[in-house]
Amino acid sequence: MRRIRAVGRVLPFRVNNYVVNELIDWDNVPEDPIFQLTFPQPNMLSEGNLSRLLDMDHAGKSIAAVDREVSRIQREMNPHPARQMELNVPVMDGRRLEGLQHKYKETVLVFPRQGQTCHAFCTYCFRWAQFCGIEKLHFACNDPLVLPRYLKAHPEVTDVLFTGGDPMVMRAKVLRPYIDALRGLGTDHPLTIRFGTKALAYWPYRFLTDRDAGELMELFEDIAALGHQPAIMAHFSHDRELETPAVEQAMRRLQSAGAVIRCQGPLVRHVNDDAGTWARMWRRQVRLGAIPYYMFVARNTGPKAYFRVPLAQTYRIFSEAYGQVSGLCRTVRGPSMSATPGKIAVQGIAELLSEKVFVLKFIQGRDPSWVNRVFFARYAPDAAWFDELEPALGDKKFFFESGLDRITAEKAMDLVPPPRALSGMNDRIGSGTLLRWVH
Ligand SMILES: *Cc1c(COP(=O)(O)O)cnc(C)c1O
Ligand code: SF4
């Protein structure tokens, strides 16, 4: 337990009684997948880092000294994967719109400030840095009016994705102004309003017995009444999360409020690195009227060594699971890496001109012309993330690399402040306290 506590200083830790009493099988601890999913494990830190923390604790070192060591270890663990801060925050009139991200043309992400936590924390979380405070909440949004203003200038956007953390930790009355603010858009800009959430897995009572569960359902109904489509992007990691009576009732209730539920999650060692789990998960989702959507490759952040599954093995598990289910489950796509240039799926392992290669495909691209394009990387049996791959067939660069450099350079240009005559005049738009200059 001392060891788990030490790891818990470095990585965020939160569970609730539903996870503890209804999901974890305590006869099977520590191997139990839901225990692994939510409780920090000693081996999530390197042996050196763990023993240094335990020694400091033993020697009665000051809290400040331990904290310094903890933050050194955290910084070692790639807290900001895929350069999202740099490249995804949109710029309007020379200002960064903190709290929005716009990476793919059709979809804008919104990070409402009050949604930047979760009902329980996943040990593999890619947002772990913000939960333990090393990343300030500077990319959260506090002003519901920013979104409609941005959407007016961007008619190409068809999807808004509320994300976090988990926007379903928010009270309905805090979420409502974000939806009400969209009324001004009128009916000629219909949207799919998505909510990325793990509440169905970690706290299905959010949709059933929480005091404002009814109010939340009304919010979904109102989204539909405004001519938009409410959608739940449900994060599930294991079929057990889909088995309780509560999750089944919660899904039914969301569906009767008009929401479509799509399911996604990463494949990680110790939690779900076997085909049976995925096949059961997809079948159960379809049985509950939901749509399997993405299988992700776990990001290269946090305790990645602990969760690491090589791409080749992930691809084999995906294929084996895919082969066991009916076509209704095969709406799932993946395994997909959310990398800097886009979502890249491993589509196969093949031999081409006597070179063994990964067949890769952009299923989302920072540049829309990359989407659906197939390309190749040299086969590497141990590679577990896109950064670890090299172009195949003697190429020096992947086809998109110069384009990505151009996009990066343009992004930097966007941030050049407008001429001095204008600056200061409009450094606040309305109540947009989160819109600020970046120098
Ligand atoms: C995955 C993702 C989306 C949504 O992509 P879809 O393929 O439309 O589901 C949007 N923005 C970012 C940054 C994403 O990672
Ligand atoms: S639900 Fe998502 S944001 Fe929340 S802890 Fe899990 S991975 Fe992180």
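Residues numbered from 1 in each chain as written. Chains lettered and ligands numbered in written order. Predicted model: local features only at pLDDT ≥ 70, side-chain atom pairs only at ≥ 80, totals over all residues. Heavy atoms only, no water.

Undergrad: Please set out the pattern of salt bridges residue by residue, giving values where relevant.
TA: One pass over the full model with this rule turns up 20 salt bridges. Here Glu388 and Arg308 are joined by a salt bridge, their closest N and O atoms 2.8 Å apart. Of this pair, Glu388 sits in the loop between β13 (374-378) and α16 (401-414) while Arg308 sits in the loop between α14 (304-307) and α15 (311-322); the two residues are 80 residues apart in sequence, bridging distant segments of the chain. Looking at Glu388, the relative accessible area reads 35%, which means it is partly exposed. Accessibility expressed as a relative area gives 33% for Arg308, which makes it partly exposed. (Salt bridge = Lys/Arg side-chain N within 4 Å of Asp/Glu carboxyl O. Helix = DSSP H or I, 4+ residues; strand = E, 2+ residues; numbered from the N terminus. Buried < 20%, exposed > 50% of the residue type's maximum accessible area, 1.4 Å probe, protein only.)

Undergrad: Describe the nonpolar core, with residues and values.
TA: By size, the foremost hydrophobic cluster in this structure holds 102 residues, and its most contacted members are Phe195, Leu200, Phe220 and Phe236. Two domains each donate at least three residues to this core, and these are domain 1 (2-75) and domain 2 (82-325). Discounting residues that sit within four places of it in the chain, Phe195 has contacts with Leu161, Phe162, Pro167, Met168, Leu175, Ile179, Phe220, Ile223, Ala231, Ile232 and Met233. Ranked by size, the runner-up nonpolar core spans 21 residues in total, among them Phe358, Leu360, Phe375 and Trp385. (Core = buried A, V, L, I, M, F, W, Y, C linked by side-chain atoms within 4.5 Å. Domains from an automatic or database assignment. Contact = heavy atoms within 4.5 Å.)

Undergrad: Account for the UniProt feature "modified residue: N6-(pyridoxal phosphate)lysine" (unreviewed entry) in the protein, with residues named and values stated.
TA: In this structure's numbering, the residues bearing the UniProt feature "modified residue: N6-(pyridoxal phosphate)lysine" (unreviewed entry) are Lys343. Topologically, Lys343 is positioned in strand β11 (residues 342-352). Those residues within four positions of Lys343 in sequence are excluded, and the remaining contacts are Tyr104, Tyr294, Phe296, Ser336, Met337, Ser338, Lys361, Phe362, Ile363 and Gln364. (UniProt positions renumbered as here; feature names shortened; annotations may be inferred.)

Undergrad: A description of the site of ligand 2 should follow, citing residues and the corresponding values.
TA: In the neighbourhood of ligand 2, the contacting residues comprise Cys118, Ala120, Phe121, Cys122, Cys125, Phe131, Gly165, Lys198 and His235. The residue makeup of the shell around ligand 2, split by class, is 6 nonpolar, 2 polar and 1 charged. (Near = heavy atom within 4 Å. Nonpolar A, V, L, I, M, F, W, Y, C, P; charged D, E, K, R; others polar.)

Undergrad: Describe the domain arrangement of the protein, with residues and values.
TA: Taken domain by domain, the protein consists of domain 1 (2-75), domain 2 (82-325) and domain 3 (339-439). Its C-alpha centre places domain 1 at a distance of 26 Å from the equivalent point of domain 2. Facing the 27 residues of domain 1 at the interface are 30 residues of domain 2. Regarding the contact of domain 1 and domain 2, the summed buried area is about 2400 Å², with carbon and sulfur atoms giving 64% of it. The tally of links between domain 1 and domain 2 comes to 1 salt bridge. One salt bridge connects Asp32 with Arg240, and the closest N-O pair in it is separated by 2.8 Å. Our count for the domain 1 to domain 2 interface comes out at 11 residue pairs in polar contact (both at pLDDT 80 or more). Counting residues per element, the ones that place at least two in the side of domain 1 that touches domain 2 are α2 (17-23) and α3 (33-38). (Buried area = accessible area lost by both parts, 1.4 Å probe. Polar contact = N/O pair within 3.5 Å; in protein donor to acceptor, adjacent residues only side chain to side chain.)

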